[in-house]
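# Residue-level structure breakdown
The lines below spell out each chain.
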Amino acid sequence: QAPGSYPRKMITIFFILLACLLFIAYLDHWQPRDMGNYYLSFPMMIAHRGIKINSPENTISAFREAVNMGFKAIEMDVISTKDGSVVCSHNHDLERETNGEGWLHQMSATEIEQIETGVFSHPENRKNIPSLLDVVRSIPANIRLNIEIKFDGVFDLSTARVLARMIKAKKIPHKILISSFNPFIVLYVRWMIPNVRTGYLVETPDMIKWIHVVHPDCFHPQPDLLTTDVLKMCKRKNLPINVWTVNSLPAIKYCKNHGFQAVITDNPLAMSL
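An account of the accompanying structure is given in this report. By convention here, each chain's residues receive numbers from 1 onward along its written sequence. Only residues with pLDDT of 70 or above have their local features reported here, since the model is predicted, and side-chain atom pairs are shown and tallied only from 80 upward, although totals for entire chains, interfaces and linings are computed over all residues. Hydrogens are left out, water is left out, and the side-chain values use all remaining heavy atoms of the structure.

As a further point, take the packing of aromatic side chains. For Phe, Tyr and Trp, where Trp contributes only its six-membered ring, two rings pair if their centres lie within 6.5 Å, and the inter-plane angle classes them as stacked under 30 degrees, edge-to-face over 60, or tilted in between. Enumeration according to the criterion identifies five aromatic pairs in this entry. Considering the side-chain rings of Tyr-39 and Phe-42, the 5.6 Å spacing of their centres and the 45° angle between planes classify their relative orientation as tilted. Judged by centre distance (5.2 Å) and plane angle (45°), the ring pair of Phe-155 and Phe-184 falls under tilted. Residue Phe-155 is located in the loop between strand E6 (144-149) and helix H5 (158-168), and its partner Phe-184 is located in helix H6 (residues 183-192); the two are separated by 29 residues in the primary sequence. Note on Phe-184: relative accessible area 30%, which makes it partly exposed. Among the aromatic side chains, those forming a connected cluster through ring pairs are Tyr-38, Tyr-39 and Phe-42. Think of it as a cone above the ring: NZ of Lys or CZ of Arg counts as a charge over the ring if it is within 6 Å of the ring centre and within 35 degrees of the ring normal. A cation over an aromatic ring shows up here: Arg-190 above the ring of Trp-191, its NZ or CZ 5.7 Å from the ring centre. Where helices and strands are cited, they refer to DSSP runs of H or I of at least four residues and of E of at least two residues respectively, numbered from the N terminus. The classification of residues rests on relative accessible area computed with a 1.4 Å probe and restricted to protein chains. Under 20% of the type maximum is buried, over 50% is exposed, and intermediate values are partly exposed.

Glancing now at the environment of Asn-242. Within the secondary structure, Asn-242 sits in strand E10 (residues 242-243). Residue contacts are counted whenever heavy atoms from the two residues lie within 4.5 Å of one another. Setting aside chain neighbours within four positions, we find Asn-242 in contact with Tyr-39, Leu-177, Cys-218, Phe-219, His-220, Pro-221, Gln-261, Ala-262 and Ile-264. Nitrogen and oxygen atoms within 3.5 Å of one another constitute a polar contact, given that in protein one can donate a hydrogen and the other can accept it, and given that sequence-neighbouring residues count only through two side-chain atoms. At 2.9 Å, the side chain of Asn-242 and the side chain of His-220 are in polar contact.

Glancing now at helix H2 (residues 60-68). Of the positions making up H2, those classed as buried are Ala-62, Phe-63, Glu-65 and Ala-66. Down the axis, H2 shows its buried residues gathered within 160° of arc, on one side only. As for H2, its buried residues are in contact with strand E1 (44-48), strand E2 (73-80), strand E3 (86-88) and helix H4 (132-138). As used here, the arc belongs to the directions running from the helix axis to the C-beta atoms.

Disulfides are defined as pairs of cysteine sulfur atoms found within 2.5 Å of each other. Under the criterion given, the structure shown has zero disulfides. The thiol of Cys-218 is not disulfide-bonded; the next cysteine sulfur, from Cys-234, is found 10 Å away.

This paragraph deals with the pattern of salt bridges. Between Lys or Arg on one side and Asp or Glu on the other, a salt bridge is scored when a side-chain nitrogen of the former is within 4 Å of a carboxyl oxygen of the latter. What the rule picks out here adds up to eight salt bridges. In this structure, Lys-52 engages Asp-266 in a salt bridge whose closest nitrogen and oxygen atoms are separated by 2.4 Å. Here the residue Lys-52 occupies a position in the loop between E1 and H2, and Asp-266 occupies one in the segment after strand E11 (262-265), the gap between them amounting to 214 residues. For Lys-52, a relative accessible area of 22% translates into the label partly exposed. A relative accessible area of 26% means that Asp-266 is categorised as partly exposed. When the shortest N-O distance is used, the salt bridge between Glu-116 and Arg-126 registers 3.1 Å. Here the residue Glu-116 occupies a position in strand E4 (residues 116-117), and Arg-126 occupies one in the loop between E4 and strand E5 (127-128), the gap between them amounting to 10 residues. The class for Glu-116 is partly exposed, based on a relative accessible area of 23%. Connected through shared salt-bridge partners, Arg-49, Glu-57 and Asp-77 make up one network.

The structure is reproduced here in structure tokens:
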């Protein structure tokens, strides 16, 4: 055995063990950051893509309708255009809900301005796809925003990067929470926009394990995922629960009785509870 090889092996083993211990600590020993004064009530009712009775979802009219009905928080979906504008839309595929063709993220902001949404849901009251900047200018600054970032592929951080620049330039005066189904987006926002709180959206049990990787500030599950074990984990971590999308009044009452921090809903009657 060459002189000095044994100490080098021991040093290598030491650093491997140290890395393993640090990784285990990262996965288990974390706490969400304080949400500050984001919540205005418990549970806070969040209008899912606005209120869509009279107007298409994710439009200024739908958001204003929610505000007029008394909602203090609004959830909206955002996608970035090819020239770096952020617009409110649930789908990249324009043919799903608009009179346009092709893919939203492959078009410019000017091209998007010519497209109307709601062709199937509100054919008599179609609206333009709004930019996020136009939306925040149209909604009172005291309204809380839950901005959900959509993505075209698991490593698509394009919208997150554009939104980060907007936030750093202080173009959004509202208290905001950024959420996504994509754990890499949640992780990016947590580290690149540290003054903004994050929410991790999940719709399957397999997605829950990523919580311990991305360390969100709140948890956005579907109601059926809130098993006893999941609730225990949230309680142990002091992890706020913003449950989606809850529309029946008995289910909303259940969320209220169980102390969830927020309910994302399509039901305007939620404000009467």
